Amino acid sequence: MKKILLAILSLGSATFANAQCNELFISEVVEGSGNNKAIEIYNPTPNPIALSNYRILRFSNGSTTVSDSLTLTGTIAPHDVWVVVNGQTTSSSSSPACDPALQAMADQLAGGYPDPLYQNGNDALVLAKISPRTFVDIYGKIGEDPGAGWSDVFPYTAAQGTWWTIDHTLVRKSTVTQGVTTNPSAFNVTAEWDSLPKNTWTNLGMHNSVCITSAVHEIANNYAVKAFPNPSNGTFTISAAMGISSVEVFNALGEVVLTDYFADNNSQQQIDLSGKAEGLYIVQVNLANGRKILSKVSIR
């Protein structure tokens, strides 16, 4: 009885937030093969938000207490997403490495095991604010072990229906404007999520939402930047909708490894990182009109 009481207190001690289009929420969950795991966070607000005040929590296998947590880093821009990917880069006999192509899409790589990005289809995940202590989004049902995963038939456990939360990618419906802030009586995954096949990452890194305005869509179209091929062997092209004046390339430690200036201000520029170590690089593209756009490139 004491253990149950402590578990209830651990859930009740957080103050739950309630808002529409003014708080972060989880916009995509990748539950792929092996350790191909990712969580995408969406910022529906018109303001940048520092992520150091947020954590991802995992409640594993029906636990009512936190199994492991990950503090987020960086700043998420208005109406943008932040992608966190499993950080395992080498395989062992019992734990395969995460696909480098998926890791190349990350804004942040998670830590080693145990970590929330080792989730599987029956773990509840929570996006939590550190101060004030709040749950801003709950994926799954805390305290319920559904079996292999949650399904599409009431009571939404693995005993009936089609399993949705294991071996699938789930994308939040565009009509969702806020996170789930109270632990649900039952997790009906079909109510707020669309299901994609296992190891599908085509939507990762962007999110369609009714919270976004037409003005933001216009900005996104006008200043879109692409890097190709990606992953690359070291040489790749940066393409933008307008002239590029310069680029700065940062490694995973935040160190500048290359700075290039382009007098011609062409909208396509070739970047050469030949000889640099394999891994994820951030390219800051400085446009001719003064805007700065970030792009991610994986070097193999």
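A brief report on the enclosed structure follows. Remember, it's a predicted structure, so these values are computed and weren't measured experimentally.

### Here we look at the side chain of Glu-23
Alright, step 1. Mapped onto the elements of the fold, Glu-23 is located in the loop between strand S1 (15-16) and strand S2 (25-31).
Alright, step 2. Glu-23 gets classed as buried once you look at its relative accessible area, which sits at 13%.
Alright, step 3. A distance of 2.7 Å separates the side chain of Glu-23 from the side chain of Tyr-54, its partner in a polar contact.
Alright, step 4. A polar contact is formed between the side chain of Glu-23 and the side chain of Lys-129, at a distance of 2.9 Å.
Alright, step 5. Ignoring any residue separated from it by four or fewer positions in sequence, one finds Glu-23 in contact with Pro-44, Thr-45, Tyr-54, Lys-129 and Val-136.

### Brief notes about the sheet that holds strand S15 (residues 235-240)
Alright, step 1. Taken in spatial order, the 3 strands make up an open sheet running S14-S15-S18, and their pairing is antiparallel. Both outer strands of the open sheet, strand S14 (225-228) and strand S18 (268-272), are each paired with one neighbouring strand and no more. Along the sheet, successive strands turn relative to each other by an average axial angle of 25°, direction set aside.
Alright, step 2. Direction of pairing for S15 relative to S18: antiparallel, over a ladder of 5 bridges. By the bridge assignment, Ile-238 is partnered in S18 with Gln-269.

### Some words on the pattern of salt bridges
Two side chains with opposite charge may pair up if their charged atoms get near one another.
Alright, step 1. What the rule picks out here adds up to 10 salt bridges.
Alright, step 2. Between Asp-107 and Lys-296 there is a salt bridge; the shortest N-O distance is 3.3 Å. Of this pair, Asp-107 sits in the loop between helix H2 (100-103) and strand S9 (108-109) while Lys-296 sits in strand S20 (residues 292-299), and the two are 189 residues apart along the sequence.
Alright, step 3. The exposure class assigned to Asp-107 is partly exposed, which follows from its relative accessible area of 28%.
Alright, step 4. Residue classification places Lys-296 among the partly exposed residues on the basis of a relative accessible area of 21%.
Alright, step 5. With a shortest N-O distance of 2.7 Å, Glu-192 and Arg-172 are connected by a salt bridge. Of this pair, Glu-192 sits in the loop between strand S12 (168-172) and strand S13 (193-197) while Arg-172 sits in strand S12; the two residues are 20 residues apart in sequence, bridging distant segments of the chain.
Alright, step 6. Several salt bridges converge on common partners, so that one network encompasses Arg-58, Asp-68 and Asp-123.

### Some remarks on unusual backbone geometry
Alright, step 1. The linkage connecting Phe-228 with the following residue, Pro-229, adopts the cis geometry, with an omega of -10°.
Alright, step 2. Its place among the elements puts Pro-229 in the loop between S14 and S15.
Alright, step 3. Pro-231 follows Asn-230 through a cis peptide bond whose omega is 10°.
Alright, step 4. Locating Pro-231 in the fold gives a position in the loop between S14 and S15.
Alright, step 5. At Tyr-156, a residue that is not glycine, the phi angle is positive and equals roughly 70°.
Alright, step 6. Of note, Tyr-156 is situated in the loop between strand S11 (134-139) and S12.
Alright, step 7. Residue classification places Tyr-156 among the buried residues on the basis of a relative accessible area of 14%.
Alright, step 8. If you check the backbone angles, Asp-167 has positive phi at about 60° while not being a glycine.

The rules behind the values
Residues numbered from 1 in each chain as written. Predicted model: local features only at pLDDT ≥ 70, side-chain atom pairs only at ≥ 80, totals over all residues. Heavy atoms only, no water. Helix = DSSP H or I, 4+ residues; strand = E, 2+ residues; numbered from the N terminus. Buried < 20%, exposed > 50% of the residue type's maximum accessible area, 1.4 Å probe, protein only. Polar contact = N/O pair within 3.5 Å; in protein donor to acceptor, adjacent residues only side chain to side chain. Contact = heavy atoms within 4.5 Å. Pairing = 2+ DSSP bridges. Axes fitted to C-alpha atoms, helices over the stretch in contact; angles between N-to-C directions. Salt bridge = Lys/Arg side-chain N within 4 Å of Asp/Glu carboxyl O.

Shape descriptors only; they carry no functional weight alone.
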